[in-house]
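The primary structure of each chain is shown beneath.
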Amino acid sequence: MRLRSLLFVPGDRPERMEKALGLGADALILDLEDAVAADVRPRARAMVAEFLSATADRAVKLFVRVNPLDGEDIGLDLRAIAPGKPDGIVFPKAEGAASIETLANRMAARELFVPILPIASETPAAVFQLGNYGPIAHRLCGLTWGAEDLPAAIGAATSREEDGRYTPPYEVVRSLTLFGAHAAGVSAIETVFPAFRDFEGLARYAGRAARDGFTGMMAIHPAQIAPINAAFTPSQGAVDHARAVVAAFAAHPGAGALQLDGKMIDAPHLKQARRTLALAGED
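These numbers were taken from a predicted model, which means no experiment stands behind them.

Below, the discussion takes up the pattern of salt bridges. In the structure shown here, the tally under the stated rule is 17 salt bridges. The residue Arg211 makes a salt bridge to Asp212 at a minimum N-O spacing of 2.8 Å. With a shortest N-O distance of 3.4 Å, Arg243 and Asp240 are connected by a salt bridge. With Arg243 and Asp240 both in helix α10 (residues 236-251), this residue pair falls three residues apart, about one helical turn. For Arg243, a relative accessible area of 37% puts it in the partly exposed group. One network of salt bridges, in which partners are shared, links Asp31, Glu33, Asp34, Arg65, Lys93 and Asp149.

This is the structure:
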């Protein structure tokens, strides 16, 4: 499942859902949690369920962000959306493998067998579980994090410096999410960039994420989709170089290290080249 850009769409705005299908995102996240007031959720569930059922031929993947496990809304969410067969579930306030198994069992009771994308850093306890998703990786399509709920949970004033960079505690959480995703063998999805009119800042932010090893990013505004897709799509030069690396090792199957364009390449370069080609859609 290619997940460069995942656009949040409020679950009580069906006109935005329809419009968002043609905006170029790899996936939409139809939101039944933070974007919807509690008293509006029954109507939002019905709208999301109707949209899912009416959108059977999906060029864009349709995820639903349900509510956390610790309340009654999650059961109502799953009951409403299961017949429409979403392509995935975004799981807020996930706390490691045990919480994934709990959600998966509740989904199975509704005959809903789709991948889960945990937002895996929204509580203090969740941070200490970021390395244990490997045993349930078959239930996941990725791992992502958030920089808003966690500071609120611990009484921090903010997760960001004045220039927009994360403060040290949240840089740690971001890094743990990145390594936790790769340790589990699933996609690492960067969290949102809130300043949706700051396109230069977004380009830098998404570019750093791609550089660091994230494979995609969540978006909160349609205008963010194109810059995010660009950041997580390898350039033609990078693709050409990756093809050359793969070809060099294919021509010398027993070699541990080779020369290419005056530089030494070895197994890590081959692994990176294959990853680049996969991101470019050349599996």
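Turning our attention to the sheet that holds strand β3 (residues 61-65). Each strand in a sheet pairs with another by means of backbone hydrogen bonds, the pair being arranged parallel or else antiparallel. The eight strands lie next to each other as β5-β4-β3-β2-β1-β8-β7-β6, forming an open sheet whose pairing is parallel. The open sheet terminates on both sides in strands that have one partner only, identified here as β5 (116-118) and β6 (143-144).

As a further point, take the pairing of strand β4 (residues 88-91). Remember that side chains alternate between the two faces of the sheet whenever the strand is regular. Neither face of β4 is exposed, since Gly88 and Val90 on one face and Ile89 and Phe91 on the opposite face are all buried. Bridge analysis of β3 against β4 gives three bridges, and the strand direction is parallel. Note on β4: the bridge partner recorded for Arg65 is Val90. Of the crossover connections in this fold, the one passing from β3 over helix α3 (residues 73-81) to the parallel β4 is right-handed. Where β4 meets β5, three bridges bridge the pair, whose relative direction is parallel. What sits directly across from Phe91, in β5, is Pro118.

For the coordinates displayed, the defined rule picks out three aromatic pairs. Here the aromatic cluster, defined as three or more aromatic residues joined through ring pairs, consists of Trp145, Tyr166, Phe193 and Tyr205.

Structurally, Thr167 can be placed in the loop between α6 (149-154) and α7 (168-184). The class for Thr167 is buried, based on a relative accessible area of 13%.

In this structure, Lys85 is a non-glycine residue whose phi angle is positive, near 50°. Along the chain, Lys85 falls in the loop between α3 and β4. Classification of Lys85 by relative accessible area gives partly exposed; the value is 41%. Of note, Glu111 is a non-glycine position whose phi angle comes to about 55°, a positive value. Given the relative accessible area of 57%, Glu111 is considered exposed.

What follows is about the pairing of strand β2 (residues 27-31). Across the five residues that make up β2, a large majority, five, are buried. Burial of the side chains of β2 extends over both faces: Ala27, Ile29 and Asp31 are buried on one face and Leu28 and Leu30 on the other. As paired elements, strand β1 (residues 5-10) and β2 share five bridges and run parallel to each other. Counterpart to Leu6 in the pairing with β2 is Ala27. In this region the chain leaves β1, passes through helix α1 (residues 14-20) and returns to the parallel neighbour β2; the handedness of that crossover is right-handed. Two strands pair when backbone bridges link them, and β2 and β3 are joined in this way by five bridges, in the parallel orientation. Across the sheet, residue Leu30 finds its bridge partner in β3, namely Val64. After leaving β2, the chain enters helix α2 (residues 41-54) and then returns to the sheet as β3, a path that is right-handed.

Moving on to the packing of α2 against α3. Running from N to C, α2 and α3 cross one another at 30°; their axes reach a closest spacing of 8 Å. Judged by the inter-axis angle, α2 sits roughly parallel to α3. The handedness of the crossing between α2 and α3 is right-handed. From α2, Arg41, Arg45, Val48, Ala49 and Leu52 reach across to α3, where they touch Asp73, Leu76, Asp77, Ala80 and Ile81. Tallied by class, residues from the contact of α2 with α3 come to six nonpolar, no polar and four charged.

Rules used in this analysis
Residues numbered from 1 in each chain as written. Predicted model: local features only at pLDDT ≥ 70, side-chain atom pairs only at ≥ 80, totals over all residues. Heavy atoms only, no water. Salt bridge = Lys/Arg side-chain N within 4 Å of Asp/Glu carboxyl O. Helix = DSSP H or I, 4+ residues; strand = E, 2+ residues; numbered from the N terminus. Buried < 20%, exposed > 50% of the residue type's maximum accessible area, 1.4 Å probe, protein only. Pairing = 2+ DSSP bridges. Right-handed = clockwise from strand over helix to strand, strands pointing away. Phe/Tyr/Trp six-rings, centres within 6.5 Å; stacked < 30°, edge-to-face > 60°. Axes fitted to C-alpha atoms, helices over the stretch in contact; angles between N-to-C directions. Parallel < 35°, antiparallel > 145°, perpendicular 65-115°, else oblique. Left-handed = near helix turned anticlockwise from the far one by under 90°. Contact = heavy atoms within 4.5 Å. Nonpolar A, V, L, I, M, F, W, Y, C, P; charged D, E, K, R; others polar.

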